[in-house]
Amino acid sequence: MFRIGGARIAKAGARTFGTKAQPPSRLRNAVWATSGIVIGGLGYLYLTDASAGFHKYVSTPLMRQLDAEQAHQLAISSMKRGVCPVDRSTDDSVLEIELWGKSVTNPIGVAAGFDKNGEAIDALFGLGFGSVEIGSITPEAQEGNARPRIFRVEDSDAVINRMGLPNCGVVSAGERLRSRFWRLLASQSKQQGESVATLSSSVNRSAVAGRLLGVNVGKCKSSGDDSFDDYVTGLQELGPYADYVVINVSCPNVTNMKANGNVEVLERTVEAVMKARNKMSGEYRPPVVLKIGPDNDLQQLRVIAQVAMDYRVDGIIATNTTRQRPGVIGVKEEGGLSGAPLKDMALATTREMYRLTQGKMAIIGCGGIRTAEDALAFAKAGASCVQVYSSMTMDGPGKAREIKDGVVRLLKGRKWADVVGEDARRK
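Computed from a predicted model, the values in this text were never measured in an experiment.

S.K.: Run through the pairing of strand E7 (residues 150-153), naming residues and quoting values.
M.R.: The side chains of a regular strand alternate, first on one face of the sheet and then on the other. Relative to strand E8 (residues 158-161), E7 is paired through 4 bridges, and the arrangement is antiparallel. Residue Ile150 lies in a different strand from E8, and its bridge partner there is Asn161. Count of turn residues in the E7/E8 antiparallel hairpin: 4 residues, of which Asp157 carries a positive phi of about 50°.

S.K.: Give a detailed account of empty space enclosed by the protein, specifying residues and quantitative values.
M.R.: In total, this model carries 2 cavities of 30 Å³ or more according to the counting rule given. Empty space within the largest cavity amounts to approximately 70 Å³. Lining the largest cavity are 14 residues, and of these Leu99, Ser131, Leu212, Tyr244 and Cys385 lie nearest its centre. If you list the elements that add at least two residues to the lining of the largest cavity, you get strand E3 (97-99), strand E5 (108-110) and strand E15 (385-388). Residue composition of the lining of the largest cavity, by class: 9 nonpolar, 5 polar and no charged. If you add up the space inside the second largest cavity, you get close to 50 Å³. Lining the second largest cavity, in full, are Ile247, Thr269, Val270, Val273, Met274, Val288, Val289, Leu290 and Val313.

S.K.: Any chance you could break down the pairing of strand E14 (residues 362-366) for me, citing the residues and the numbers?
M.R.: For E14, the buried fraction is high: 5 of the 5 residues fall into the buried class. Covered by surrounding structure in E14 are Ala362, Ile364 and Cys366 together with Ile363 and Gly365, the residues of both alternating faces. As paired elements, strand E12 (residues 315-318) and E14 share 4 bridges and run parallel to each other. Each bridged residue has a counterpart across the sheet, and for Ile316 the counterpart in E14 is Ile363. Summarising the sheet, E14 and E15 pair through 3 bridges and their orientation is parallel.

S.K.: Can you tell me about helix H9 (residues 298-310), naming the residues and giving the values?
M.R.: Over its 13 residues, H9 runs 18 Å from end to end, which matches the ideal 18 Å to within 8%, given 1.5 Å per residue. Among all positions of H9, only Leu301, Ile304, Ala305, Val307 and Ala308 are buried. Projected down its long axis, H9 carries its buried residues within an arc of 165°, all on one side. Against the buried residues of H9 lie helix H8 (263-278), strand E11 (288-292), E12 and helix H10 (343-356). Where H9 starts, the residue carrying a side-chain oxygen 3.2 Å from the main-chain nitrogen of Gln299 turns out to be Asp297. Positive phi shows up at Arg312, right after H9, with a value of about 55°.

Procedures and definitions
- Residues numbered from 1 in each chain as written.
- Predicted model: local features only at pLDDT ≥ 70, side-chain atom pairs only at ≥ 80, totals over all residues.
- Heavy atoms only, no water.
- Pairing = 2+ DSSP bridges.
- Helix = DSSP H or I, 4+ residues; strand = E, 2+ residues; numbered from the N terminus.
- 1 Å grid on protein atoms, 1.4 Å probe; cavity = no way out; pocket = protein on both sides within 12 Å on 5 of 7 lines; lining within 4 Å.
- Points joined across faces, edges and corners; volume = space filled by probe spheres on them.
- Nonpolar A, V, L, I, M, F, W, Y, C, P; charged D, E, K, R; others polar.
- Buried < 20%, exposed > 50% of the residue type's maximum accessible area, 1.4 Å probe, protein only.
- Expected span 1.5 Å × (residues − 1).
- Arc of directions from axis to C-beta.
- Contact = heavy atoms within 4.5 Å.
- Polar contact = N/O pair within 3.5 Å; in protein donor to acceptor, adjacent residues only side chain to side chain.

Structural data, given as structure tokens:
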């Protein structure tokens, strides 16, 4: 040891006391890396699971802080880019149904209005819905009514909208549907070793096994009150890529749907659409479904049922939104009401249409369905399957799985198909 300016410096090689730095342990680093990967993987699996509580209690409430239409647009934008959770569970066999000769793994669908332009079809199937209905789509693209046009009614678990059928038009929608269909078939052809031509004659138009794709068609704002050409155009242009086509004669947010309240116009419309469907070229002709409103009285429902049976319509959706405000107080916004307050009206219409069509026609229940109990009530009233929309925007992307799991528990070993129309059989 020697000194420099009073400082004591150890000679080279002299023994010093202390801990010599050790190189990082490879084992320790491997443990940390593995832990990070596992935690990250589990986090990814959790956040991409549609049933994760994060979506119901965090992401969905955050989305609801946005303007209703902005939130809707953000959801569609995210979903079409694949930024969306998925339902990883397998549907229980008791939920399986058959519609128009096609097997569907579960009876829970998403109603028209959510994916107006068919941009998020596969993301919605990924959420576990048995059917996805897009639209309404009109022959010409249109902007719809002026904004603001969607309003949440938080106290009543309801939504009021006066959108006015904004959509991209049949040309754009048709190109999107056609491209998607052939792209998925080409992929399946490579996987299964079958030709695209063979697959195209056997698969659902959804191009997804056990799932149905519906296309809802409407009228342009500029069309005449009693015209039906827009429905025929929509059917002809989009029908080849739909598992079923919905004729929307009941939208409360447009003023030129005379078929909604005029028997003669309704009959001419249904006759024209069914003739056009029956004349479609090729082997495939999609089922045609009539979407009706909840505001019809018994006599009007009798007429609708008779027209549907006379022209052999394949199904009825009960119901659209309502101009009435059952149980909603102090809300002055105009437009169609959906959500919980609509349930009783839609359920009553479903039950009556099942009775009037003698259980010979597929009835799709829609309106205010939020729980498994709601869904099962519609089945017992006569619904072959049901659709949700508002409840998904309120409770998040796990809604389909939540309802499916609840229905399985309530069925107690029975099948959904066994309880359809049970209320009518008890009388």
